[in-house]
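Okay, here's what each chain looks like letter by letter:
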Amino acid sequence: NAGVTQTPKFQVLKTGQSMTLQCAQDMNHEYMSWYRQDPGMGLRLIHYSVGAGITDQGEVPNGYNVSRSTTEDFPLRLLSAAPSQTSVYFCASSRGYRRGPSTGELFFGEGSRLTVL
Amino acid sequence: DQQVKQNSPSLSVQEGRISILNCDYTNSMFDYFLWYKKYPAEGPTFLISISSIKDKNEDGRFTVFLNKSAKHLSLHIVPSQPGDSAVYFCAAIIQGAQKLVFGQGTRLTINP
């Protein structure tokens, strides 16, 4: 059981560079989301999707883009990396937005640690 | 605006004793609450949850208590074991919504 798979696990970028964090799940989950974890801030929602073709913003969406062309994949794009985007990024999915996030049980990937110099 | 707050960044407990982790929330619309556990270099994993219609939910060594009037919930771990050493996140959601809101996390260390 792969669950939620994130790549890469580690990445170093220079300010202004762009990149994509990949997220794939093999559980046929409708709901997918991206969080960032920063010291003292907990986990903050960046973007989420309740199904293919549907995305919406979370608490901290600025500087990030997402798309959901398939049920399995939910990539997160950094358009022009800034040092403030240095963080650990988690992708999470749930069975269905009516059952999953409505009761909050998310399945998380192992995280992607991004450093922007 | 931190809607879910965990005011203790860290907690140290002796093995075998009770660990109590606390969480406060400000949004009275939240009606479902969860605790997640996170080990280093891993993603958070769901631990236990409680609906706002209840005041207690128990699962083995883990019990979550909800005090709606005080907008406070707590996680009790009895007895504490070394494997319980992790960061614990409190989270809340309005059922039917799509956004789960997390607290800042509390690092629990169980000492042998």
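Anyway, here's the lowdown on the structure attached to this text. Computed from a predicted model, the values in this text were never measured in an experiment.

Once that is clear, we can look at the overall build of chain B. In terms of helices and strands, chain B carries 0 helices and 11 strands. Helices and strands in chain B line up, N terminus first, as β-β-β-β-β-β-β-β-β-β-β. Against the compact-globule benchmark of 13 Å for 112 residues, chain B has a radius of gyration of 13 Å, which places it among compact chains. Counting across all 112 residues of chain B, residues that qualify as buried make up 46%. Partitioning the intrachain contacts of chain B with sequence separation of at least 6 by distance along the chain shows that 55% fall at a separation of at least 24. For chain B, the accessible area works out to roughly 5300 Å², and carbon and sulfur atoms hold 48% of it. In chain B, 11 side chains carry a positive charge and 9 a negative one; their mean positions are 3 Å apart.

Residue and element names in this part refer to chain A. Mapped onto the elements of the fold, D38 is located in strand 4 (residues 31-38). On the basis of relative accessible area, D38 is assigned to the buried category, the value being 11%. Side-chain polar atoms of D38 contact the side chain of R44, separated by 2.9 Å. Excluding anything up to four places from it in sequence, D38 contacts R44, T86 and S87.

Another aspect to go through is the pattern of salt bridges. For the coordinates displayed, the defined rule picks out 5 salt bridges over all chains. Close ionic contact of K9 of chain A with E110 of chain A constitutes a salt bridge, the shortest N to O distance being 3.6 Å. In this pair, K9 of chain A is assigned in the loop between strand 1 (4-7) and strand 2 (10-13) and E110 of chain A in the loop between strand 10 (107-108) and strand 11 (112-116), connecting sequence segments 101 residues apart. A salt bridge links R61 of chain B to D84 of chain B; the nearest nitrogen and oxygen atoms lie 2.8 Å apart. One end of the pair, R61 of chain B, is in the loop between strand 6 (56-59) and strand 7 (62-67); the other, D84 of chain B, is in the loop between strand 8 (72-77) and strand 9 (86-93), and 23 residues separate them in sequence. Accessibility expressed as a relative area gives 22% for R61 of chain B, which makes it partly exposed. Note on D84 of chain B: relative accessible area 2%, which makes it buried. Where salt bridges share partners, they join R36, D38 and R44 of chain A into one cluster.

Let us look at the sheet that holds strand 7 of chain B. Residues and elements named next belong to chain B. Read across the open sheet, the 5 strands follow the order 1-3-8-7-6; overall the sheet is antiparallel. The sheet is open, and its two edges are formed by strand 1 (4-5) and strand 6, each paired on a single side. Of the pairings in the sheet, the one linking strand 3 (residues 19-25) to strand 8 comprises 6 bridges and is antiparallel in character. Opposite N22, over in strand 8, you have S74 as the bridge partner.

Basis of the calculations
- Residues numbered from 1 in each chain as written.
- Chains lettered and ligands numbered in written order.
- Predicted model: local features only at pLDDT ≥ 70, side-chain atom pairs only at ≥ 80, totals over all residues.
- Heavy atoms only, no water.
- Helix = DSSP H or I, 4+ residues; strand = E, 2+ residues; numbered from the N terminus.
- Rg over C-alpha atoms; globule rule 2.2 N^0.38 Å.
- Buried < 20%, exposed > 50% of the residue type's maximum accessible area, 1.4 Å probe, protein only.
- Contact = heavy atoms within 4.5 Å.
- Areas by Shrake-Rupley, 256 points an atom, 1.4 Å probe, with all protein chains shown as cover.
- Lys, Arg positive; Asp, Glu negative; His and termini not counted.
- Charge placed at Lys NZ, Arg CZ, Asp CG, Glu CD.
- Polar contact = N/O pair within 3.5 Å; in protein donor to acceptor, adjacent residues only side chain to side chain.
- Salt bridge = Lys/Arg side-chain N within 4 Å of Asp/Glu carboxyl O.
- Pairing = 2+ DSSP bridges.

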